[in-house]
Amino acid sequence: MSATATASKALSSPKRAFPLERTRNIGIAAHIDAGKTTLTERILFYTGMIHRLGEVHDGAATTDHMEQERERGITITSAAVTCSWKQLANEGVDTLFTGVDQRINIIDTPGHVDFTAEVERSLRVLDGAVVVFCGVAGVQPQSETVWRQASKYNVPRIVFVNKMDRVGADFARVVEDVRTKLNAPAAPVLIPIGAEDDLKGQIDVVNQKAIFYSDSDVLGSTYEIRELDGELKDQAELALAELTEKVADVDEQLAEKFLMEEVISANELKAAIRRATIANQFIPVAGGSAFKNKGVQALLDAVVDYLPSPIDIPAATGHDVDDLDKIVPVETDDNGEFVALAFKLWSDKFVGKLVFFRVYSGSISKGDVVFNPRTRKRERVGRLIQIQANEHKDVETCYSGDIAAMVGVKNAVTGDTLTLDKGNVLLEPPTFPEPVISMAIEPNTQADQEKLAKGLQRLSEEDPTFLVKTDEETGQTIISGMGELHLEIISDRLKREYKVDARSGKPQIAYRESIGAAANGEGKLVKQSGGRGQYGHVILNVAPRERGAGSTTADKTVGGSIPKEFMNAVF
Ligand code: GDP
């Protein structure tokens, strides 16, 4: 669907603070350690969301608000942060939306393969992504996983080759990696000038200018635009020819001009790059160093220039509640029926349970009663909140394309569709991989049993790949997840957030079919490859989760309206 075709359908409410076309819902996806946290922090700094660098790594707030994340250096949570950006207005440098405030919602995606489900969940609700690679390590196997996930959801992407200040960083090699290992039609739009200690700035290929970031200003917020000369000029001209050709290969409008050898202006080329990127036929690549503050502002310009707004992408698909085989498009339209997807649950110390959601259509206001077609329950929305760095900002109304969190909705789990009134639509469900590892768990003191049960239940509600079961024969509580680290983090969170000291048995790799059998509700607990004998004894009951056909609660609450097979797919 073309951008203009959809745009004309989106009846933007005059009350919304930002027109939809000025909103970018993006994720920053990366292999662990590539610098996603540092880049996110810099983005929040340059957009004025935080006022001091180091806040993210201090664990004070923003996207890394869990203490253990700082310790482990892994961003586990998928917080959504809202910020705004005005493209840089510089003489001789064209951007497509110069001088107008743009809203960028950053949905944090975890980098570790154990949290693949979280990555998938975030990818479903965002419209575009910045994929970060390390300039030294290049494309690693785990980055390929993230890339494939983004392709599965047709997420338009920009690549940021980070750490160009490090010894051994090689921009051209990483671009080649992206082309060969990921089979992506990529070409540079922002090429690093200098490397390692001598990294100075970037060549803006489209505008044929050099951007030099200040070294004396440690925050890199000042920079200078210069004319290119000598070798840099030659390099920039070659890059421009390559970029134009690559984009013309996939964009008819540009191809016409290119073949006729007509002059192509910077903004004509940018518009073509935008079309090709949104159509998932081209990947713009930028290089720089988040840590050394070189290249982040130009990357933000590229995000606005090349990544889609919610109206530039095809309508989401939903299922008719009464006839699930019937697919209904959910058009981005403020005046349409309210349809949102809950993509992240979060327990906030001060506010309570937050349900992060993306509005696909319609609008919702504080005080409205939401309906959950899965549970058939109605609940009043007490507050609507947008996270702006470490601050919770109350909003009155959220419109189509918005990402926010609601307070007061206790019965939603990840993947639920939320509607108003009776709700006619279920959004296409995300699919999650089945857990691959299990272990028994018991509290160190009997008195903590109730706290453990409560903690496990909450954590399993938040995380669709974390399962809790009770062994019918021994009464042991068995937890299952995506890897050892995943289960370790669960134990840490139990300790920190629920004040439960628990000991666990040896993690066991579960046979796939036995996991399947358990999930299919055959009543038997997951069979372990090493047998249950190694667990030790636990006497504890944990309420069954409201998820999947294996859960009696889910079956009961849903009633007859949603077939079991469908529920299977949802969770
Ligand atoms: P994440 O795991 O992807 O979130 O990565 P982090 O942002 O936590 O970065 C991992 C490590 O790389 C940290 O020690 C950062 O300080 C460092 N780092 C991040 N970006 C850069 C960069 O541009 N240059 C250099 N030299 N180090 C960086």
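Worth saying up front: this structure is predicted, and the values here are computed from it rather than measured.

Asker: Could you clarify how one ought to interpret the overall build of the protein chain in this entry?
Answerer: Broken down by element type, the protein chain carries 15 helices and 28 strands. Residues counted as buried form 58% of the 571 residues belonging to the protein chain. The contacts of the protein chain with a sequence gap of at least 6 include a subset with a gap of at least 24, amounting to 71%. If you sum the accessible surface of the protein chain, you get close to 22,900 Å²; carbon and sulfur atoms cover 50% of it.

Asker: It is not clear to me how the pairing of strand 2 (residues 80–86) should be interpreted in this structure. Could you clarify?
Answerer: The side chains of a regular strand alternate between both faces of the sheet. A large share of strand 2 lies buried, amounting to five of its seven residues. Pairing between strand 2 and strand 3 (residues 101–108): seven bridges, direction antiparallel. Looking at strand 3, one finds that Ser 84 is bridged to Arg 103.

Asker: Can you help me understand the site of the ligand in this one?
Answerer: Looking at the ligand, there are 17 residues lining it, with Asp 33, Thr 37, Thr 38, Asp 165 and Ser 289 nearest. Lys 36 places a polar main-chain atom, nitrogen or oxygen, 2.8 Å from an oxygen atom of the ligand. Residue Lys 163 places a side-chain N or O atom 3.1 Å away from an oxygen atom belonging to the ligand. Taking 570 Å² as the accessible area of the ligand by itself, protein coverage stands at 80%. When residues of the shell around the ligand are assigned to their parent elements, the largest contribution, three residues, is made by helix 2 (residues 36–46). When its residues are assigned to classes, the shell around the ligand shows four nonpolar, eight polar and five charged.

Asker: Honestly, helix 5 (residues 141–152) in this entry has me stumped. Any pointers?
Answerer: Owing to its 3.6 residues per turn, the α-helix brings residues three or four apart onto one side. Its twelve residues give helix 5 an end-to-end C-alpha distance of 17 Å, which sits within 8% of 16 Å, the value for a rise of 1.5 Å per residue. Every buried residue of helix 5 is listed here: Gln 142, Ser 143, Val 146, Trp 147, Gln 149 and Ala 150. Here the buried residues of helix 5 occupy an arc of 160 degrees about the axis, which is enough to place them on one side. Opposite the buried face of helix 5, at more than 90 degrees from it, the exposed residues are Pro 141 and Arg 148.

Asker: Could you clarify how one ought to interpret the sheet that holds strand 11 (residues 316–320) in this entry?
Answerer: Across a sheet, strands are paired by hydrogen bonds formed along the backbone, either parallel or antiparallel in direction. Pairing in this open sheet of three strands is antiparallel, and the strands run 12-11-23 from one edge to the other. In the strand order of this sheet, the two ends are held by strand 12 (323–330) and strand 23 (425–427), each with one partner. Across this sheet, the average inter-strand angle for adjacent strands is 40 degrees, counted without regard to direction. Here strand 11 pairs with strand 12 via five bridges, running antiparallel.

Asker: I would appreciate a short explanation of the nonpolar core in the present structure.
Answerer: Leu 39, Ile 104, Val 130, Phe 133, Leu 243 and Ile 273 are the most contacted members of the largest nonpolar core, which has 74 residues in total. When near neighbours in sequence (up to four residues on either side) are disregarded, Val 130 contacts Ile 26, Gly 27, Ile 28, Ala 29, Leu 39, Ile 158, Phe 160, Leu 299, Val 303 and Leu 307. Grouped together as the second largest cluster of nonpolar side chains are 27 residues, Ala 129, Tyr 360, Ile 387 and Ala 405 included.

Asker: Please explain empty space enclosed by the protein as it appears in this structure.
Answerer: The tally for this structure, following the rule as stated, stands at four cavities of 30 Å³ or more. The space that makes up the largest cavity amounts to roughly 170 Å³. Taken together, 19 residues form the lining of the largest cavity, with Leu 190, Asp 204, Lys 270, Ala 298 and Asp 301 sitting closest to its centre. Sort the elements by how many residues they give to the lining of the largest cavity and helix 10 (residues 296–306) lands first, with six residues. For the lining of the largest cavity, the per-class residue count stands at twelve nonpolar, three polar and four charged.

Asker: Sorry, what's going on with the state of the cysteines here?
Answerer: Overall, the coordinates contain zero disulfides when judged by the stated rule. Cys 83 takes part in no disulfide bond, and the closest cysteine sulfur to it belongs to Cys 398, at a distance of 16 Å. Its relative accessible area of 2% is what places Cys 83 among the buried residues.

Asker: So what exactly am I meant to see when it comes to the packing of aromatic side chains here?
Answerer: Note on aromatic pairs: each is described by the distance of the centres and the angle between the planes. For the structure on display, the rule yields four aromatic pairs. Between Phe 45 and Tyr 46, the aromatic rings sit 5.5 Å apart at their centres with planes inclined by 75 degrees, giving edge-to-face as the arrangement. The two residues Phe 45 and Tyr 46 agree in class, both being buried. A ring pair is formed by Phe 343 and Phe 356, whose centres lie 6.2 Å apart and whose planes are at 50 degrees; its orientation type is tilted. Of the two residues, Phe 343 sits in strand 13 (residues 339–348) while Phe 356 sits in strand 14 (residues 352–361), which places them 13 residues apart along the sequence.

Asker: Would you mind going over the pattern of salt bridges with me for this structure?
Answerer: In the structure shown here, the tally under the stated rule is 23 salt bridges. Across the pair Asp 394 and Arg 383 runs a salt bridge, and its minimum N-O distance is 2.9 Å. Here Asp 394, found in strand 19 (residues 391–394), pairs with Arg 383, found in strand 18 (residues 383–388); they are eleven residues apart in sequence, far enough to count as distant. Owing to a relative accessible area of 40%, Asp 394 belongs among the partly exposed residues under this scheme.

Asker: For this particular structure, what's the right way to read unusual backbone geometry?
Answerer: A negative phi angle is the norm for most residues apart from glycine, just as the trans form is the norm for most peptide bonds. Positive phi is not limited to glycine here, since Asp 33 has a value of about 85 degrees. In this model, Asn 183 sits at a positive phi of 55 degrees, which is unusual for a non-glycine residue. You can see Asn 183 is positioned in the loop between helix 6 (171–181) and strand 6 (186–193).

Reading guide: rules and limits
- Residues numbered from 1 in each chain as written.
- Predicted model: local features only at pLDDT ≥ 70, side-chain atom pairs only at ≥ 80, totals over all residues.
- Heavy atoms only, no water.
- Helix = DSSP H or I, 4+ residues; strand = E, 2+ residues; numbered from the N terminus.
- Buried < 20%, exposed > 50% of the residue type's maximum accessible area, 1.4 Å probe, protein only.
- Contact = heavy atoms within 4.5 Å.
- Areas by Shrake-Rupley, 256 points an atom, 1.4 Å probe, with all protein chains shown as cover.
- Pairing = 2+ DSSP bridges.
- Near = heavy atom within 4 Å.
- Polar contact = N/O pair within 3.5 Å; in protein donor to acceptor, adjacent residues only side chain to side chain.
- Nonpolar A, V, L, I, M, F, W, Y, C, P; charged D, E, K, R; others polar.
- Expected span 1.5 Å × (residues − 1).
- Arc of directions from axis to C-beta.
- Axes fitted to C-alpha atoms, helices over the stretch in contact; angles between N-to-C directions.
- Core = buried A, V, L, I, M, F, W, Y, C linked by side-chain atoms within 4.5 Å.
- 1 Å grid on protein atoms, 1.4 Å probe; cavity = no way out; pocket = protein on both sides within 12 Å on 5 of 7 lines; lining within 4 Å.
- Points joined across faces, edges and corners; volume = space filled by probe spheres on them.
- Disulfide = S-S within 2.5 Å.
- Phe/Tyr/Trp six-rings, centres within 6.5 Å; stacked < 30°, edge-to-face > 60°.
- Salt bridge = Lys/Arg side-chain N within 4 Å of Asp/Glu carboxyl O.

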